[in-house]
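Understanding the architecture of this molecule
Letter by letter, the chains look like this.
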Amino acid sequence: MKLEICANSYQSAKNAQDAGAHRIELCQELSVGGITPSYGLLKKVIEELDIPVFVLIRPRSGNFVYSNDEFVIMKTDIQLCKDLGCHGIVSGVLKEDKAIDIERTKELVELSKPLEFTFHRAFDEVKNPNEALEQLIDLGIERVLTSGQKSSAEKGLEVLQELHKMSKNRITILAGGGITSENAGLFKELGLKEIHASASTKLEEKESIFSMPITVSDPQKIKAILDVISK
């Protein structure tokens, strides 16, 4: 079983590599679910670390319905990631009715090639996950990050199991959402091949009128998850 760490900074990415994680999803601002990382962060991580880097392409927080201008920005960011040498793209687009925007998602997938493409947790908002999974398979998408449409992957175990059975090795079900060393074994028991976690710890910070909690992926928490899934 592989562990992908959701890394929100250079330090988180380095901690993931040092702890032995298999891959990172690089983003920033996890407090709002993650947005596209800056050019400087991308460049430093890709140039200085060896761990495979998948990059979140999400121009803002909030929903997954994007304006034409936002969509242009997303495509520009994907090309930038390819030019810098990242290993995969994590993105996706929905329509107003929360169905997958097949036309726009296909455009992102085609632009991302030959990189692997993960459809992110926008999947957890679709009305018909079984139909949506088949649509992603038809688009040639390699994996889907999902909590099983619940607030945490542990609560979504039943849906995750159904999606895994449906996938028949045509797409990887990447379980994510509240995964820790305490519950990681549940996903291995389901037969899933990959899990996703931030494995983060809140850092102490100096008082600021702009204070938001600062977190970093914790090497000890990462190692604890790896210990569980490698048994």
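The paragraphs below set out a description of the structure included in this document. (Residues numbered from 1 in each chain as written. Predicted model: local features only at pLDDT ≥ 70, side-chain atom pairs only at ≥ 80, totals over all residues. Heavy atoms only, no water.)

**Here we look at the overall build of the protein chain**
Formally: Each helix is a run of DSSP H or I of at least 4 residues and each strand a run of E of at least 2, with the numbering of both proceeding from the N terminus. Our radius of gyration is a C-alpha quantity, and the globule rule it is checked against amounts to 2.2 Å times the number of residues to the power 0.38. Any residue under 20% of the maximum accessible area for its type is buried, any over 50% is exposed, and the rest in between are partly exposed; the area is computed with a 1.4 Å probe on protein chains only. All accessible areas in this document rest on Shrake-Rupley with a 1.4 Å probe, and a residue is counted as covered only by the protein chains that are shown. Just so you know, the count uses Lys and Arg for positive and Asp and Glu for negative, and it drops His and the chain ends. To locate a charge, take atom NZ for lysine, CZ for arginine, CG for aspartate or CD for glutamate.
The helix and strand inventory of the protein chain stands at 8 helices and 10 strands. Against the globule reference of 17 Å for 231 residues, the protein chain gives a C-alpha radius of gyration of 17 Å, in line with a compact fold. The buried share of the protein chain, reckoned over its 231 residues, is 48%. Surface accessibility of the protein chain: about 11200 Å² in total, with carbon and sulfur atoms responsible for 49%. Treating the 29 positive side-chain charges of the protein chain as one cloud and the 35 negative ones as another, the clouds have centres 3 Å apart.

**Here we look at the nonpolar core**
The line we're drawing: Residues grouped as a nonpolar core are buried Ala, Val, Leu, Ile, Met, Phe, Trp, Tyr and Cys residues, joined through side-chain atoms within 4.5 Å. The criterion used for residue contact is that any of the two residues' heavy atoms lie within 4.5 Å.
Grouped together as the largest cluster of nonpolar side chains are 65 residues, with contacts concentrated most on L3, I24, V45, F119, L133, I195 and I222. Counting residues per element, this core draws most heavily on helix α3 (residues 68-84), at 5 residues. The residues contacting I222, other than those within four sequence positions of it, are L3, I5, N15, A16, A19, A21, A199 and S217.

**Thoughts on the pattern of salt bridges**
Filter applied, for reference: Salt bridges are counted wherever a side-chain nitrogen of Lys or Arg sits within 4 Å of a carboxyl oxygen of Asp or Glu.
Inspection of every chain in the model, using the stated rule, returns 12 salt bridges. Across the pair R23 and E4 runs a salt bridge whose closest N-O atoms are separated by 2.7 Å. One end of the pair, R23, is in strand β2 (residues 23-26); the other, E4, is in strand β1 (residues 2-7), with 19 residues separating them in the sequence. An identical accessibility class is assigned to R23 and E4; each is buried. The salt bridge partner of E194 is R143, with a shortest N-O separation of 3.0 Å. Here R143 lies in strand β6 (residues 143-146) and E194 lies in strand β8 (residues 194-197), a separation of 51 residues in the sequence. Residue classification places E194 among the buried positions, given a relative accessible area of 6%. Overall, R143 belongs to the buried group, its relative accessible area being 5%. A network of salt bridges, in which partner residues are shared, links E4, R23, E116, R143 and E194.

**Quick notes on the pairing of strand β5 (residues 116-119)**
Side chains on a regular strand alternate between the two faces of the sheet. Rules: Any two strands with at least two DSSP bridges between them are considered paired. The handedness rule is simple: strands pointing away from the viewer, and a clockwise path from the first strand over the helix to the second, make the crossover right-handed.
Alignment of strand β4 (residues 88-91) against β5, held across 4 bridges, turns out to be parallel. By the bridge assignment for β5, I89 is matched with F117. One crossover worth recording links β4 to the parallel β5 by way of helix α4 (residues 102-112), and it is right-handed. Here 2 bridges tie β5 to β6, and the two strands are oriented parallel to one another. Note on β6: the bridge partner recorded for F119 is V144. Crossover connection from β5 via helix α5 (residues 129-138) to parallel β6: handedness right-handed.

Take it as geometry only, folks, not as evidence of what the structure does.
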